[in-house]
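Residue-level listing of the chains:
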Amino acid sequence: SVNETTTVRTKADVEVVSKTPSANPVNLREVFNFVIRVRNNTGAGLAEADGVVVSDTLPTNMQLAGTPSVAIISGSATLSTCTGTTGSTSFSCSLGTLSSGGEVDITAPVHVVSVTSNPQTFNNTASVTTTSLDVNTGNNSNSGSVGVNSSSLAGRVFRDFNNDGAVTAGEDQR
């Protein structure tokens, strides 16, 4: 007698539906949320999606301002745990088994800590994977963008002892 182990996987179609900033534009260092909508699409022969994980690597100079959270919009997910803490530049959220038609929103609090131009647009992509047989991997990633305003100061700082608005001899210049 010979034993053979067989793995049976469900067919599913997981999708990152959208990735949307809570405000646009935002100011440098201002905390805002990226909301990532993930869905297990319905269709003929499709079932629940097992081992669902959403991952996101933030663009350079963007960081988490807290740990992301998961909200069930419809259906069910057996897990809703996210990695990533303040200052992290990537995170992942484990959803476990996502029901057919199940939909979740992942809210990731972020902020931009530095810019190279004013204004500057940051593009960010989130992706989803499943251990089920994903019949359409072309919709497993989606991107969102946000504009970031910044400001700069230029000029000379001095102590105006005689209160005339001009630098004169004997005043401390920096």
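What counts as what
- Residues numbered from 1 in each chain as written.
- Predicted model: local features only at pLDDT ≥ 70, side-chain atom pairs only at ≥ 80, totals over all residues.
- Heavy atoms only, no water.
- Pairing = 2+ DSSP bridges.
- Helix = DSSP H or I, 4+ residues; strand = E, 2+ residues; numbered from the N terminus.
- Core = buried A, V, L, I, M, F, W, Y, C linked by side-chain atoms within 4.5 Å.
- Buried < 20%, exposed > 50% of the residue type's maximum accessible area, 1.4 Å probe, protein only.
- Contact = heavy atoms within 4.5 Å.

*Asks:* Please explain the sheet that holds strand β3 (residues 26-27) as it appears in this structure.
*Replies:* Consider a sheet: its strands pair through backbone hydrogen bonds, and that pairing is either parallel or antiparallel. Here six strands make up an open sheet; going across it, the order is β3-β13-β11-β5-β9-β8 and the pairing mixed. The open sheet has two edge strands, β3 and β8 (81-82), and neither has a second partner.

*Asks:* Whenever I open this one, the nonpolar core confuses me. Can you help?
*Replies:* Side chains of a nonpolar character, in soluble globular proteins, are inclined to be buried together. In this structure, Ile36, Val38, Met62, Phe91, Ile106 and Val146 are the most contacted members of the largest nonpolar core, which totals 30 residues. Every element with two or more residues in this core is listed here: β2 (14-21), β4 (32-40), β5 (49-57), β6 (62-64), β9 (90-98), β10 (103-112), β11 (120-129) and β13 (141-149). Broken down by element, this core gets its largest block of residues, five residues, from β10. With residues near it in sequence (within four places) discarded, isoleucine 36 still touches Val16, Ser18, Lys19, Val54, Asp56, Phe91, Val104, Asp105, Ile106 and Ala126.

*Asks:* Which parts of the structure should I look at to understand unusual backbone geometry?
*Replies:* With the exception of glycine, the majority of residues adopt a negative phi angle, and the majority of peptide bonds are in the trans configuration. With omega at 5 degrees, the peptide bond leading from asparagine 24 into proline 25 counts as cis. The omega torsion of the bond from asparagine 118 to proline 119 falls at -10 degrees, within 30 degrees of zero and hence cis. Here proline 119 is to be found in the loop between β10 and β11. Despite not being glycine, arginine 29 shows a phi value in the positive range, around 70 degrees. Of note, arginine 29 is situated in the loop between β3 and β4.

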